[in-house]
Amino acid sequence: SRLLSLTRRESEVLYWLTLGKTNRDISAILGLSPRTVNKHLEQIFQKMGVDNRTSAAVAADRILHT
């Protein structure tokens, strides 16, 4: 996450996203509202330079397994 300058919470959201969890799943797991999860995802996408959750998951997977 330091590579992407993500906050701890953004990193947690991204982690669950890479495991295929929906926004609703992530909100339940982390005790956040779905709207807050969506806001975190917007920030993550911007920081990663991607448009969607699939691209973010693929990029995160590449970074983690490089």
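Note that this is a predicted model, so its numbers are computed, not measured.

Calculation criteria
Residues numbered from 1 in each chain as written. Predicted model: local features only at pLDDT ≥ 70, side-chain atom pairs only at ≥ 80, totals over all residues. Heavy atoms only, no water. Salt bridge = Lys/Arg side-chain N within 4 Å of Asp/Glu carboxyl O. Helix = DSSP H or I, 4+ residues; strand = E, 2+ residues; numbered from the N terminus. Buried < 20%, exposed > 50% of the residue type's maximum accessible area, 1.4 Å probe, protein only. pLDDT = per-residue confidence, 0-100. Axes fitted to C-alpha atoms, helices over the stretch in contact; angles between N-to-C directions. Parallel < 35°, antiparallel > 145°, perpendicular 65-115°, else oblique. Left-handed = near helix turned anticlockwise from the far one by under 90°. Contact = heavy atoms within 4.5 Å. Nonpolar A, V, L, I, M, F, W, Y, C, P; charged D, E, K, R; others polar.

K.L.:
Where do I start with the pattern of salt bridges in this structure?
P.N.:
A side chain with one charge can pair with a side chain of the opposite charge if their charged atoms come near. This model, assessed by the stated rule, comprises four salt bridges. One salt bridge in this structure joins R8 and E12, with 3.6 Å as the shortest N-O distance. Here R8 pairs with E12, and both are found in helix 1 (residues 8–18), just four residues apart, close to one helical turn. Residue classification places R8 among the exposed residues on the basis of a relative accessible area of 70%. Between E12 and R9 there is a salt bridge, with its nearest N and O atoms 2.8 Å apart. With a gap of three residues between them, E12 and R9 both fall in helix 1, about one helical turn apart. Each of R8, R9 and E12 takes part in one network of salt bridges that share partners.

K.L.:
Would you take a moment to explain the environment of V58 for this structure?
P.N.:
For V58, the position within the fold is in helix 4 (residues 53–64). Put simply, V58 and E12 are 46 residues apart on the chain and 16 Å apart in space, counted from C-alpha to C-alpha.

K.L.:
Quick question: what am I supposed to make of the confidence of the model for the chain here?
P.N.:
Low pLDDT means the predicted atomic positions in that stretch should not be read closely. The share of residues in the chain with pLDDT of 70 or more is 94%, and the mean pLDDT across the chain is 91. Within the chain, helix 4 has the poorest average pLDDT of any element, 88, and helix 2 (residues 23–30) the best, 97.

K.L.:
Quick question: what am I supposed to make of the packing of helix 3 (residues 34–48) against helix 4 here?
P.N.:
The relative placement of two packed helices comes down to the angle between their axes together with the axis-to-axis distance. Viewed as axis vectors pointing N to C, helix 3 and helix 4 meet at an angle of 60°, and their least axial separation amounts to 10 Å. Regarding the angle of helix 3 to helix 4, the classification is oblique. Here the hand of the crossing between helix 3 and helix 4 comes out left-handed. Of the residues in helix 4, those touching helix 3 at L41, F45 and M48 are R53, A56, A59 and A60.

K.L.:
Looking at this structure, I do not really get the packing of helix 1 against helix 3. What am I missing?
P.N.:
Two numbers describe how helix 1 lies on helix 3: the axes approach to 9 Å, and their chain directions differ by 90°. Relative to helix 3, the element helix 1 is oriented roughly perpendicular. For the pair helix 1 and helix 3, contact is made by R9, E10, V13, L14 and L17 and by V37, H40, L41, Q43, I44, K47 and M48, respectively. Tallied by class, residues from the contact of helix 1 with helix 3 come to seven nonpolar, two polar and three charged.

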